[in-house]
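# Notes for the structure review
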Amino acid sequence: MSGIHHVTAIAGNALQNYDFYTRALGLRFVKKTVNFDDPGTYHFYYGDEAGSPGTILTFFPWEGAAPGRGGVGQTQQTAFRVPARSLGYWTHRFLEKGIAHEALEKRFRESVLPFTDPDGMSLALVGVPGAENEAGWSNGDVPAEHAIRGFHGVTLLLENAGRTGAILTDVFGFEEAAREGSVIRFKAPGLATGGVVDIYEAKGFLPGRQGTGSVHHIAFRAKDDAEQAEMARKLIETHRQHPTEQKDRNYFRSIYFREPGGILFEIATDIPGFAVDEPVATLGQDLKLPRFLEAHRKDIEAVLPPLGKAA
């Protein structure tokens, strides 16, 4: 069984991104590192207390990057879970903090509060009955009872759902759960956090353009290397996909491929996790670098913008 491991997006200003996700949304700053392929750029990870799979939203803050444009072949929206009774709290908080949001709406009989981050990234809070019984992490600003409980899921905007849906079901273990208009809902059975992928079939829409405010890729979970290898085998033999070789990302090991609609998918292992190089109690406090970049720490630190004392 697999669900969403993490979602990685593109931001503009690093400090603005850090402030919004840690202070306005109350997520934990789980890891401060760099883009391993572009070490002059931060890679931020936000999530629950331990950075559990299914809670992790990550960003590459590229100062001066052009804004993205929504469209076909992109992730249209990323949605978080909150207790159903907390939507009133969040609506009031968005008003108080001037966060752009829309009116509450219903999707698949769930209450959804759409909003955007400072870069225009499309987000939503989904009120989930019973989520109040799950652990919530508090930064001292957002009370634990109202805290975000990780991902609800993502909405993909695709020309055609067929081949992508087949990968979700055959490789990742999702099941088609419902249809509503042009949207097909897939769910990972028994998985609460990060267990939903909606595909919005939008024939004839303009293709999207990646930039600030857009999702770079979506990562799905594999328990370990063996499960990841089996997923790769299915992708190659059954779905004619061409995943990359495994890449070590320190906190998980990854392979990548573009699903048939053009969105970059990753398969990331649950192991070893974010406490591999610092204790859970102090996650996110220090800049962590992979071994191959450690010799360049001074040069890297010199080009990264400061985040202030709070980081």
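Residues numbered from 1 in each chain as written. Predicted model: local features only at pLDDT ≥ 70, side-chain atom pairs only at ≥ 80, totals over all residues. Heavy atoms only, no water.

Under an unreviewed UniProt entry, the chain has the name Ring-cleaving dioxygenase and belongs to Candidatus Afipia apatlaquensis.

## Overview of helix H1 (residues 14-24)
Those residues of H1 not exposed but buried are Ala14, Asn17, Tyr18, Phe20, Tyr21, Thr22 and Ala24. One side-chain oxygen of the residue at the start of H1 lies 3.1 Å from the amide nitrogen of Leu15, identifying that residue as Asn13. Gly26 sits one or two positions beyond H1 and adopts a positive phi of about 75°. (Buried < 20%, exposed > 50% of the residue type's maximum accessible area, 1.4 Å probe, protein only. Helix = DSSP H or I, 4+ residues; strand = E, 2+ residues; numbered from the N terminus. Polar contact = N/O pair within 3.5 Å; in protein donor to acceptor, adjacent residues only side chain to side chain.)

## Comments concerning empty space enclosed by the protein
For the structure shown, the criterion picks out one cavity of 30 Å³ or more. In this structure, the largest cavity occupies an estimated 80 Å³ of space. Around the largest cavity, the lining is made up of 13 residues, and of these Ala79, Arg107, Thr155, Arg185 and Asp198 lie nearest the centre. For the lining of the largest cavity, the elements supplying multiple residues, two or more each, are strand S5 (74-83), strand S7 (110-116), strand S9 (151-158) and strand S12 (196-201). Considering every element that reaches the lining of the largest cavity, the biggest residue donor is S9, with four residues. Classifying every residue of the lining of the largest cavity gives five nonpolar, four polar and four charged. (1 Å grid on protein atoms, 1.4 Å probe; cavity = no way out; pocket = protein on both sides within 12 Å on 5 of 7 lines; lining within 4 Å. Points joined across faces, edges and corners; volume = space filled by probe spheres on them. Nonpolar A, V, L, I, M, F, W, Y, C, P; charged D, E, K, R; others polar.)

## Quick look at the pattern of salt bridges
Counted according to the given criterion, the structure contains 17 salt bridges. Of the charged contacts, one joins Lys31 and Asp277 as a salt bridge, the two residues approaching to 2.6 Å between their closest N and O atoms. A residue pair is termed long-range when its members are at least 10 positions apart, and Lys31 in strand S2 (residues 28-35) and Asp277 in the loop between strand S16 (264-269) and helix H5 (297-303) qualify at 246 residues. Accessibility expressed as a relative area gives 26% for Asp277, which makes it partly exposed. Each of Lys31, Asp277 and Glu278 takes part in a single network of salt bridges with overlapping partners. (Salt bridge = Lys/Arg side-chain N within 4 Å of Asp/Glu carboxyl O.)

## Points about the UniProt feature "domain: VOC" (unreviewed entry) in the chain
As recorded in UniProt, the sites labelled "domain: VOC" (unreviewed entry) are residues 3-128 and 150-270. When the span residues 3-128 is considered, its composition is 17% helix and 47% strand, and the gap between its end C-alpha atoms is 17 Å. (UniProt positions renumbered as here; feature names shortened; annotations may be inferred.)

## Describing the sheet that holds S2
Reading across from one edge, S2-S3-S4-S1-S13-S16-S15-S14 is the order of the eight strands in this open sheet, with mixed pairing throughout. Two strands bound the open sheet, and with one partner strand each, they are S2 and strand S14 (247-248). In the sheet, strand S3 (residues 38-47) pairs with strand S4 (residues 56-61) via three bridges, with the strands oriented antiparallel. When the sheet's bridge partners are listed, Tyr46 is paired in S4 with Leu57. (Pairing = 2+ DSSP bridges.)

## Points about the environment of Ala232
Position of Ala232 among the secondary structure elements: in helix H4 (residues 225-237). For Ala232, a relative accessible area of 14% translates into the label buried. Between the C-alpha atom of Ala232 and that of Ile255, which follows or precedes it by 23 residues, the distance is 8.2 Å. Beyond its immediate stretch of four places on either side in the chain, Ala232 contacts Pro243 and Ile255. (Contact = heavy atoms within 4.5 Å.)

## Description of the pairing of strand S13 (residues 215-222)
Regular strands place their side chains on alternate faces of the sheet. When you tally the buried positions in S13, you get seven out of eight residues, the bulk of the element. Sheet topology places strand S1 (residues 4-11) next to S13; five bridges connect them, and they run antiparallel. Counted as the bridge partner of Val7 is Ile218 from S13. As defined by bridge partners, S13 adjoins S16 across five bridges and the pair is classed as parallel. What sits directly across from Ala222, in S16, is Thr269.

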